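Structure assessment
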Amino acid sequence: MEIIVGKMFKLEIWETLLSSMRAGEVAEFWCDAIHTGMYALVSRGMRRIAEGRDPLEGQKHRCGMGNMFDYHSTGYDDLDELQRTPQPLIFIMELFRVEEPSAYKRDTWAMSKEEKLAAVPVLHSEGNRLVLRKEFGQAAAKYQEAVICLRNLQAKEKPWEDGWLKLESLVTPLVLNYCQCQLELGEYYEVLEHTTELLQKHNDNAKAYFKRAKAHAAVWNEREAREDFLRVAHLDPSMAAAVKKELKQLGERMRKKHVEDRKCYQGLFQPRRGPQASEGQQSGEVGNGAMLQEGSPQGEVGVLKTPGQGERAAGTEETEEPGADQGEQGSPGAGCKGAAPGEAAAQGQPVGVEVEGKDGTGLGKEANLGTCGAKPEGWGAERGAEEEEEEEEKVEEEEEEEEVVEEVEVTCPLQ
């Protein structure tokens, strides 16, 4: 492990012990319990590193003792026992090498205020050089490191005081450069986060609005992008040409997207036309055609002559002339023939129409419209038994009608 002397390591006694050693020396030190109270926490982190785990796993951002009070255990029984009953410890230490402050690159937290202020312009120039080489990932890391240095210094200043504002003026261009790198890398939501945070402090920064508008446009936030672009043109008229170009590109991209969306969702809510639906429709068309082909023309109208008033009227009954031949009965697939002179109306379901004469004799005429009894061929043999029963019932009805007709004189003229 590495220890930076003077940075108040968790075990300050270790800095004192190492300062008394030479490079390559191995030494053993006995330390009183007053100097080893934090050893349990230091040992826990070192053990987690040896196990390949994060030493800060599960910790909150607070001091080590605060974490102890939160979780009541280090996760190791021997360290918990040492924490409950502190004891003197013996450390065996070996010093590998000693480096000067300028011989290695120190982390940001290990720098002083002057060192951080001196590192910011160096990191800024290195980031610009990487951007020219289109190495945006490495450039973003340089800008981010410079921002961290300045934020650490700002934490020690009172907000909106002169010192804080001076540091903020150095932070703003670094954040904008960082956002530009993220735009090139396609990290649009990170750009939205940083630019929005920057605009909360500086709501008149046209470049921040411009970069946020481009991020909105990239994630299809059309309304927000247009608002930010128009605000850029209002704050900085010199950027009007760039804004006009971006708005034109945004309109073209949105039109293409709308066209693609229409093509994608064009048939989403229409009924599905599968093979079964097509077969059902074809069978329906065939059935309709068969019904139309099997239909038969109506037979001619048969008029019954009935006696005048005072005599028995038979206008409401169907009668036939005795001995007259029966009308031809319609068969499946053939049309019904009309009634010829001297013959009865075609056999079917009669529809009677009673017409009163105008000569005052009360002569009534009844018209029988022959209808077709044809049936589709598709019914087949399943309807054979029912048809035979219907024919037998019709024969019985005809025999009963013949007995009534003997008393009535019937003429069936042509119409």
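Up top is the structure these notes are about.
First, a word on what this report is: a plain description of the structure on this page. (Residues numbered from 1 in each chain as written. Predicted model: local features only at pLDDT ≥ 70, side-chain atom pairs only at ≥ 80, totals over all residues. Heavy atoms only, no water.)

Looking at a nonpolar patch on the surface
On the surface, a cluster of nonpolar side chains totalling about 480 Å² of accessible area is made up of Val26, Trp30, Ile90 and Ile92. Where the nonpolar patch is concerned, the elements lending two or more residues are β1 (26-31) and β2 (89-94). By the secondary structure assignment, Val26 is in strand β1. (Patch = residues over 30% accessible without salt bridge, like charges linked within 9 Å, V, L, I, M, F, W, Y side chains within 5 Å. Areas by Shrake-Rupley, 256 points an atom, 1.4 Å probe, with all protein chains shown as cover. Salt bridge = Lys/Arg side-chain N within 4 Å of Asp/Glu carboxyl O. Helix = DSSP H or I, 4+ residues; strand = E, 2+ residues; numbered from the N terminus.)

A few points about the packing of aromatic side chains
For the coordinates displayed, the defined rule picks out four aromatic pairs. With centroids separated by 5.6 Å and ring planes inclined at 85°, the aromatic side chains of Trp14 and Phe91 adopt a geometry described as edge-to-face. In this pair, Trp14 is assigned in helix α1 (residues 12-19) and Phe91 in strand β2, connecting sequence segments 77 residues apart. Note on accessibility: Trp14 and Phe91 belong to one class, buried. Through pairs of rings, three or more aromatic residues link up here, namely Trp14, Tyr39 and Phe91. The ring of Tyr76 has Arg47 lying over it, and the distance from NZ or CZ to the ring centre is 5.1 Å. Directly above the aromatic system of Trp220 lies the positively charged group of Arg253, at a separation of 4.3 Å from the ring centroid. (Phe/Tyr/Trp six-rings, centres within 6.5 Å; stacked < 30°, edge-to-face > 60°. Buried < 20%, exposed > 50% of the residue type's maximum accessible area, 1.4 Å probe, protein only. Lys NZ or Arg CZ within 6 Å of the ring centre and 35° of its normal.)

Overview of a negative patch on the surface
On the surface, Glu389, Glu390, Glu391, Glu392, Glu393, Glu396 and Glu397 cluster together into a negatively charged patch. Relative to the elements of secondary structure, Glu392 occurs in helix α13 (residues 384-405). We classify Glu392 as exposed; its relative accessible area is 53%. (Lys, Arg positive; Asp, Glu negative; His and termini not counted. Charge placed at Lys NZ, Arg CZ, Asp CG, Glu CD.)

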